[in-house]
Structure formats: structure tokens, C-alpha cells
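# Reading the structure
So you can see what is in the structure, the chains are spelled out below.
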Amino acid sequence: EEIARIKGYDSITPTIPKVNLWAVAQSNIYKLKQDSRSFFTSKGFFDMYTYSFVNEKLVNKLGYSTDKCVSLKNYLSEELSHMRNSLIPNLMAAIEENYRDFDNLNLFEIEKIFNYWKTKSDIIESYSLAWIISRDEKIVYFEIQNIVSDFLKTIWIDKIVFEEATNKPSYAHAWRI
């Protein structure tokens, strides 16, 4: 603007800007994320977006260790000392913060997590999906099973087998009928 004012507006040749009007090609990851978001929001879940950081206290509270978390050298605060390797700690913290205001709360998040590949210097980031249901009444096993099977069908996975997990975290559903 300053150059045009000094040199003169009349000296600028008007041109039509070149704009690409072609449709933007969407990656399969983008489509998968959008399909997942559409599915969970249609089932009454709230889409969360939390920090990519966790702290040792939060991770230990869930019975995990920060040994597998990527630690930061120059973290800003104790609350932001490690990169998350799971979406669950931040979702659990969100449930804990909002439980007094909401009896029934369904949350999900689709975002990147950070893990070590082969050594502590090789860090990979990948997308992860986690969802959580918090209710006062008992959640029936079949309701959870239906959500899982419906979601997998939404993302084109048709052959599904459910097996009882052997190492269940303490906060997980008991998976009993």
C-alpha cells in the first residue's frame, strides 16, 4: 500500500488473480477422521480437543508410567512435561472436571499421539481415537458392543470378533452381562 501511494495508484496495472478452482484432493486419513467424527457426534458424543501434553501425576493416576511417554527437555510447566502417548488421560481429566455438572457424559477425541519407535531418539506420531462414556447407571455390555460394531462398520470393517481382555485397566468397564 505504501509503495502504491508513493509511486501512484495509476501506475499499477490491474490483473485478475489466478486461483485454482479445482476440488482439493482429500487424503484417506482426512476422510477417516471425518467419518469417525460424524459417527460419534451422531451418537451423542462431544468432540474433544485436548493438549498434546500430559503430566506425570495424571498418567500415574491411571496406573501408567511416563517411561513410555516422550519427555520434554524445556517444558513450560509441570503440567506440560510429556507428550501424550494415549488420548485416555486427558479424556479422563475432562470427565473428572465436568462430572459435577453432567451426570451422563460421552466424549471422544481423534488426534495425534507420540511414541518411541525403536530407540528413545526415534519418535513417531500417529493418529489415535479414544472415546469414553460416563454415566451414573450401569452401562450394559451390549450397548458398548453395539457402538463398537457400528463404528467399525462405518469405517468399512465388517468382520468383527469380541474377546474378553486379560489386562483391563481399573477404569474400564467390567465387561460382564
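Below is a summary of the structure that appears in this document. (Residues numbered from 1 in each chain as written. Predicted model: local features only at pLDDT ≥ 70, side-chain atom pairs only at ≥ 80, totals over all residues. Heavy atoms only, no water.)

### Observations concerning the side chain of His82
- Within the element layout of this structure, His82 appears in strand β4 (residues 82-83).
- Since its relative accessible area comes to 10%, His82 is described here as buried.
- A polar contact is formed between the side chain of His82 and the side chain of Ser81, at a distance of 2.8 Å.
- Apart from the residues within four sequence positions on either side, His82 is in contact with Ser52, Phe53, Val54, Glu56, Thr66, Cys69, Val70, Ser71 and Leu72. (Helix = DSSP H or I, 4+ residues; strand = E, 2+ residues; numbered from the N terminus. Buried < 20%, exposed > 50% of the residue type's maximum accessible area, 1.4 Å probe, protein only. Polar contact = N/O pair within 3.5 Å; in protein donor to acceptor, adjacent residues only side chain to side chain. Contact = heavy atoms within 4.5 Å.)

### Focus on the nonpolar core
- In this structure, Phe39, Phe40, Phe45, Phe108, Ile110, Ile133, Ile147, Phe151, Leu152 and Ile155 together form the largest nonpolar core, which totals ten residues.
- At the level of secondary structure, the elements contributing two or more residues to this core comprise α2 (28-42), β5 (105-116) and α5 (141-154).
- When residues in this core are grouped by element, the largest group, three residues, is from α5.
- If we skip the residues at most four places from it in the chain, Ile147 touches Phe39, Phe40, Phe45, Trp131 and Ile133.
- Leu87, Ala94, Leu107 and Ile113 belong to the second-largest nonpolar core, a separate cluster that totals nine residues. (Core = buried A, V, L, I, M, F, W, Y, C linked by side-chain atoms within 4.5 Å.)

### Some thoughts on the sheet that holds strand β3 (residues 70-71)
- Spatially, three strands are ordered β2-β4-β3 in an open sheet, and the strand pairing comes out antiparallel. Only two strands of the sheet have a single neighbouring strand rather than two, namely β2 (53-54) and β3.
- Direction of pairing for β2 relative to β4: antiparallel, over a ladder of two bridges. Looking at β4, one finds that Val54 is bridged to His82. (Pairing = 2+ DSSP bridges.)

### Things to note about the sheet that holds β5
- Read from one edge to the other, the open sheet built from three strands follows the order β1-β5-β6, with strand pairing classed as mixed. This sheet does not close on itself; its edge strands, each paired only once, are β1 (46-47) and β6 (123-134).
- Relative to β6, β5 runs antiparallel, the two being bridged by twelve bridges. Its bridge partner being in β6, Glu109 is matched across the sheet by Ala130.
- Packing against the sheet, α2 makes contact with β1, β5 and β6, and its axis sits at approximately 155° to β5. (Axes fitted to C-alpha atoms, helices over the stretch in contact; angles between N-to-C directions.)

### Some words on the packing of α2 against α5
- Between α2 and α5, the shortest axis-to-axis distance is 10 Å and the interhelical angle comes to 145°. Like other packed secondary-structure pairs, α2 and α5 cross with a definite hand, here right-handed. Counting all contacts with α2, which are made through Asp35, Ser36, Phe39 and Phe40, the residues of α5 involved are Ile147, Asp150, Phe151 and Thr154. (Left-handed = near helix turned anticlockwise from the far one by under 90°.)

### Re the pairing of β5
- The buried fraction of β5 amounts to nine of the twelve residues, a majority that puts the element mostly inside the structure.
- Note that β1 and β5 share two bridges and pair parallel. The partner of Phe46 across the bridge, within β5, is Leu107.
- The turn linking β5 back onto β6 is made up of six residues.

### With respect to the environment of Asp103
- Residue position: Asp103 is located in the loop between α4 (88-98) and β5.
- According to the relative accessible area criterion, Asp103 is partly exposed, its value standing at 49%.

### A closer look at α2
- Taking 1.5 Å per residue, 15 residues should reach 21 Å; α2 reaches 21 Å between its end C-alpha atoms and fits that length.
- Among the residues of α2, Lys33, Ser36, Arg37, Phe39 and Phe40 are the ones counted as buried. In an axial view of α2, the angular spread of the buried residues amounts to 165°, which keeps them on one side of the axis. Of the exposed residues in α2, those oriented more than 90 degrees away from the buried face are Asn28 and Ser42.
- Against β1, β5, β6 and α5 lie the buried residues of α2.
- After α2 finishes, the residue Gly44 shows a positive phi value of roughly 90°. (Expected span 1.5 Å × (residues − 1). Arc of directions from axis to C-beta.)

Interpretation note: all reported values are geometric properties and have no functional meaning in isolation.
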